[in-house]
Structures are given as C-alpha cells and as structure tokens.
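Residues per chain are reported as follows:
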Amino acid sequence: MASHDVPIGATQVSLAQLNERSREIFRQIVESYLATGEPIGSRNISRLITTPLSPASVRNVMADLEQLGLVYAPHTSAGRLPTELGLRFFVDALMEIGDLSEDDRRGIEAKMAASGKSLEAVLNEASGMLSGLTHSAGVVLTAKSNVRLKHIEFVRLEPERSLVVLVAEDGQVENRILNVPAGLPTSALTEASNFLNAHARGRTLAEAKAELERAIEPGKAALDRLVQRVVEAGLASWSGGEGENRKLLVRGHANLLGDLKALEDLERIRLLFDDLETKRGVIDLLGRAELADGARIFIGSENKLFSLSGSSTIAAPYHDSEGRIIGVIGVIGPTRLNYARVIPMVDYTAKMVSRLIAG
C-alpha cells in the first residue's frame, strides 16, 4: 500500500506497464467506483469498453491489474474495486482534470463576494460553499494570529498566577494562564491591561507583538518594572506553539452521511468524525498542504490520520496581500470523490479567498 504521504507522481506503477486495453478496463473500474461505490464485473466492462473483448479476456486483464496492486476483489464478489494505490495512480496518470465551467466560476465568485470582508466571514462562506458543492465536509486551517484584537485583560487567580483574556474583533475569546511576580499589586495588572490595549487594539497578534516590543524598549515607555514584566510575560505566552496558533473550521459534517451504502460505511464515517474531533491530526495534515503550489491530494492511508475511515482530502493554500501562505482550504470526503471536478474547485476557491483577503 502507498506510504502515509505519497507525493504526486510517486505511485509504484508506471503508465508504461499498462497497454491501451488495460488502461481502458482500469479506467472503467475506477469510474464505476467513483460513480456508484460498487464493484464492477467483467461482463459489464465488456459491454462498456470500445475494444471488443469477451468477459473471459476482461477477467484476464483484471487479474493482471490485481497483480499490479491497482484493483482488488471485495469479499467473494466477481467484480473489482480500485485500491488506494489504484486511485492514486488514476489521479496522477490517467485522470483529465477539467477546468471549471463559467457557471461554476461565477457561482463561486458570487457566493464569496457576498460573504463580507472579514477573514472569518470569507473563510466560513468558502468552506460552507465547498461543502455544499462537493457533498463533503469543507475544512479550513487558519492561523489565529491573523485575528485582530479588540480587548486584553489580566485577571488574578492566585498570588503568582493570572489569567490573560484576549478578545478578538470577530468575537473569539481566548484565555491563557500566566505566571506573575510574587507580591504584584492589582494596580499593576490594571496598568498592564491598559498599556496592552493602547498598543494592541485593532492589530493582529503578530503586529501587536512587534509594536509592543518597540514600545517597551528601555526609555520608550515609563513603565513600572513589574508592569513591564507582566507585559513581557503576556507576549511570551501569546507566541505559543505552532499547533496552538492554528484554528480549524469544519463545515458540512452531515454531507458525509448522505451517501451511505452499508453498515461498514457508517462505521467508516464514525471513525472519520472521531478523527475530525481530535483536530490535532487534521491540523498536521492540512499543514502539509501548505507546501504545495496548488491543490494537494491525500488518498486513504496515504495520510495515517484517515487510514481507518478511508477518506480523501483535497486542499490548497491561500495567501495574504504579500503572497505569504496564511492557511489552507479544502474538503474531506469518501475516497470516491469526483476528483476531476473537486480538484479545480478547491484550487479556484483558494485563489478567490486569496483575492478577497488581499482586496
């Protein structure tokens, strides 16, 4: 089976190993699976292909494809389904990715333009729209540091511990525990809050950090030494870890329930929901898509996060006005996603998000 994160084009089967007849039969097996989720047998394939072949000849080719690891027979069925390796091979080597229709483009642009200007509104609209268009879950990974601050407050919990409360302009509230110097008067916490609000309000965390570091250089601010220590401790706690600075939005879970064929599908979706609940792995996975120029595709166990639920992820990065990658948007769905349609849709939506943010 493919490794956890197979780069595009790295499947272990080359196109040269398949003659025209094998390619056509393999394409029928995959396209039937993507359309119905069901295995397809040699009799049906022999009716569908352009080359006249008997069911027995088709079965021989299917056996060859099985030996290459591209297809398998589920249970005792005479039909075949593509393996994850087969899907990856199809996506990389055989699939023709169409461009979006003019109607699709206009629809995406109209929905996005109506979302309002805040980053949160744009991302919510984009993920909800992708979820609806692809009948999957729409996902967005964004950096918390892009959120603009509205208010900051220190609240004493214990003699040497305080709570710092960050309120963002979009209504998000985040609390961090902070160690403070012993014997710090309450007035120093109030003064620190006032100083931070004066310099950080309306700025992103990154901008606020830069501004505050300038403001508390020696001689720049007549700050009491204790107040300065509280402010600096607040700055240190905000820098956080890579994971902490990420926020995950998931829209359209219910879409994943609309196409269940059997109890095993229900179990697969339950496992996927568990994966989405943990969030940590989803953040790591989407983080890997930041390294791509366009849409990145993860199929089944190529990403260990969804190996149990057999799900696929298609994600593309979006940028700020200076061209810096600030997040990832995409979809999570069954491995039988309509890749040829979903890939350009995710790619175009990411470009539209970038354009609106740069606006």
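That block above? That's the structure.
Below or above, wherever it landed, is the structure these notes cover. (Residues numbered from 1 in each chain as written. Predicted model: local features only at pLDDT ≥ 70, side-chain atom pairs only at ≥ 80, totals over all residues. Heavy atoms only, no water.)

1. Focus on the overall build of the protein chain
Under the convention used in this document: Helix and strand assignments follow DSSP, with helices taken as H or I runs no shorter than four residues and strands as E runs no shorter than two, numbered in order from the N terminus. Buried, partly exposed and exposed residues are distinguished by accessible area as a fraction of the type maximum, computed with a 1.4 Å probe on protein chains only: under 20%, between the cut-offs, and over 50%, respectively. Note on areas: Shrake-Rupley with a 1.4 Å probe; residue coverage comes only from the protein chains shown.
A tally of helices and strands in the protein chain yields 12 helices and 10 strands. A buried classification covers 48% of the 359 residues belonging to the protein chain. Accessible area of the protein chain: about 16,900 Å², with a carbon and sulfur share of 51%.

2. Some details on the sheet that holds strand 6 (residues 173-179)
Whether parallel or antiparallel, the strands of a sheet pair through hydrogen bonds between backbone atoms. We count it as follows: Whether two strands pair comes down to DSSP finding at least two bridges between them. Lines fitted to the C-alpha atoms define the axes, with helices restricted to the stretch that makes contact. Angles between their N-to-C directions range from 0 to 180 degrees. Should any heavy atoms of two residues lie within 4.5 Å, those residues are considered in contact.
Taken in spatial order, the 3 strands make up an open sheet running 4-5-6, and their pairing is antiparallel. Each having just a single partner strand, strand 4 (149-158) and strand 6 make up the two edges of the open sheet. The mean inter-strand angle of the sheet, taken between neighbouring strand axes irrespective of direction, is 20 degrees. Two strands pair when backbone bridges link them, and strand 4 and strand 5 (residues 161-168) are joined in this way by 8 bridges, in the antiparallel orientation. Along strand 5, the bridge assignment pairs V155 with L163. Seen against the sheet, helix 7 (residues 186-200) touches strand 4 and strand 5 and runs at an angle of roughly 165 degrees to strand 4.

3. A short note on the nonpolar core
The condition is simple: Definition used in this section: a nonpolar core is a set of buried Ala, Val, Leu, Ile, Met, Phe, Trp, Tyr and Cys residues joined via side-chain atoms within 4.5 Å.
Among the nonpolar cores identified, the biggest contains 56 residues, and I25, F26, L65, L70, M112, I314 and Y339 are the most heavily contacted of them. Looking at this core, the element that brings in the most residues is helix 12 (residues 339-358), giving 10 residues. In this structure, F154, V180, A200 and A215 belong to the second largest nonpolar core, which totals 23 residues.

4. Description of the pattern of salt bridges
Test applied: We define a salt bridge as a contact between a side-chain nitrogen of Lys or Arg and a carboxyl oxygen of Asp or Glu at a distance within 4 Å.
Under the defined criterion, the tally for this structure stands at 9 salt bridges. Between D104 and R341 there is a salt bridge; the shortest N-O distance is 3.5 Å. Taken together, the residues D104 in helix 5 (residues 102-113) and R341 in helix 12 connect sequence positions 237 residues apart. In this structure, the salt-bridge partner of E211 is R203, at a minimum N-O distance of 4.0 Å.

5. Description of the packing of aromatic side chains
Our working rule: Two rings from Phe, Tyr or Trp (for Trp, the six-membered ring) form a pair when their centres sit within 6.5 Å of each other. Planes less than 30 degrees apart are called stacked, planes more than 60 degrees apart edge-to-face, and all others tilted. Each ring is checked for a lysine NZ or an arginine CZ that lies within 6 Å of its centre and within 35 degrees of its normal; such an atom marks a charge sitting over the ring.
Taken as a whole and judged by the stated rule, the model has 1 aromatic pair. Judged by centre distance (5.8 Å) and plane angle (50 degrees), the rings of F26 and F89 are tilted. Taken together, the positions of F26 in helix 1 (residues 20-36) and F89 in helix 4 (residues 84-94) put the pair 63 residues apart, joining distant regions of the chain. Taken individually, F26 and F89 each receive the classification buried, so the pair is uniform in this respect. Geometry around Y348 places R105 over its ring, the cationic atom sitting 4.8 Å from the centre.

6. Some remarks on the environment of V342
Mapped onto the fold, V342 is located in helix 12. A relative accessible area of 4% means that V342 is categorised as buried. Each C-alpha atom of the pair V342 and G330 lies 9.3 Å from the other, and the pair is 12 residues apart in sequence. The residues touching V342, leaving out its near neighbours within four places in the chain, are T134, I314 and V331.

7. Examining the packing of helix 6 (residues 119-134) against helix 12
Applied cut-off: Convention used here: angles under 35 degrees read as roughly parallel, angles over 145 as roughly antiparallel, angles from 65 to 115 as roughly perpendicular, and any remaining angle as oblique. In a left-handed crossing the near helix is turned counterclockwise from the far helix by less than a right angle, and in a right-handed crossing that turn is clockwise.
The N-to-C vectors of helix 6 and helix 12 enclose an angle of 165 degrees; their axes lie 11 Å apart at closest approach. Between helix 6 and helix 12, the interaxial angle falls into the category roughly antiparallel. Where helix 6 crosses over helix 12, the two elements pack in a sense that is right-handed. Contacts from L119, V122, L123, A126, M129, L130, L133 and T134 in helix 6 reach R341, V342, M345, V346, T349, V353, L356 and I357 in helix 12.

8. Here's the deal with the side chain of Q28
Structurally, the position occupied by Q28 is in helix 1. For Q28, a relative accessible area of 19% puts it in the buried group. Not counting residues up to four positions away in its chain, the partners in contact with Q28 are I40, I45, L48 and I49.

9. Brief notes about helix 1
As a reminder of what qualifies: An expected span of 1.5 Å times one less than the residue number is assigned to each helix.
With 17 residues, helix 1 extends 24 Å from end C-alpha to end C-alpha; this agrees with the ideal 24 Å at 1.5 Å per step. Buried residues of helix 1: S22, E24, I25, F26, Q28, I29, V30, S32, Y33 and L34, and no others. Of the surrounding secondary structure, the elements contacted by the buried residues of helix 1 are helix 2 (42-48), helix 3 (55-67), strand 1 (71-72), strand 2 (81-82), helix 4 and helix 12. Just past helix 1, the residue G37 takes up positive phi, approximately 80 degrees.

10. Looking at the environment of T335
Rule in force here: Side-chain atoms alone can form a polar contact between residues adjacent in sequence; in general such a contact is a pair of N or O atoms within 3.5 Å, and within protein one must be able to donate a hydrogen while the other accepts it.
Considering the arrangement of structural elements, one finds T335 in the loop between strand 10 (325-334) and helix 12. Residue T335 is classed as buried on the basis of its relative accessible area, which comes to 10%. Along the chain, T335 and L87 lie 248 residues apart, while their C-alpha atoms are 8.2 Å from each other. In terms of polar contacts, T335 uses its side chain to reach the side chain of Y33, at 2.5 Å.

11. With respect to unusual backbone geometry
Phi is positive for H135, which is not a glycine, with a value near 55 degrees. If you trace the backbone, H135 turns up in the loop between helix 6 and strand 3 (137-143). By relative accessible area, which is 56% here, H135 ends up exposed.

12. Observations concerning helix 4
Extensive coverage of helix 4 is indicated by the burial of 9 of its 11 residues. Residues E84, L85, G86, L87, R88, F89, F90, V91 and L94 constitute the buried set of helix 4. Looking at the buried side of helix 4, the elements it contacts are helix 1, strand 2, strand 8 (296-299) and helix 12.

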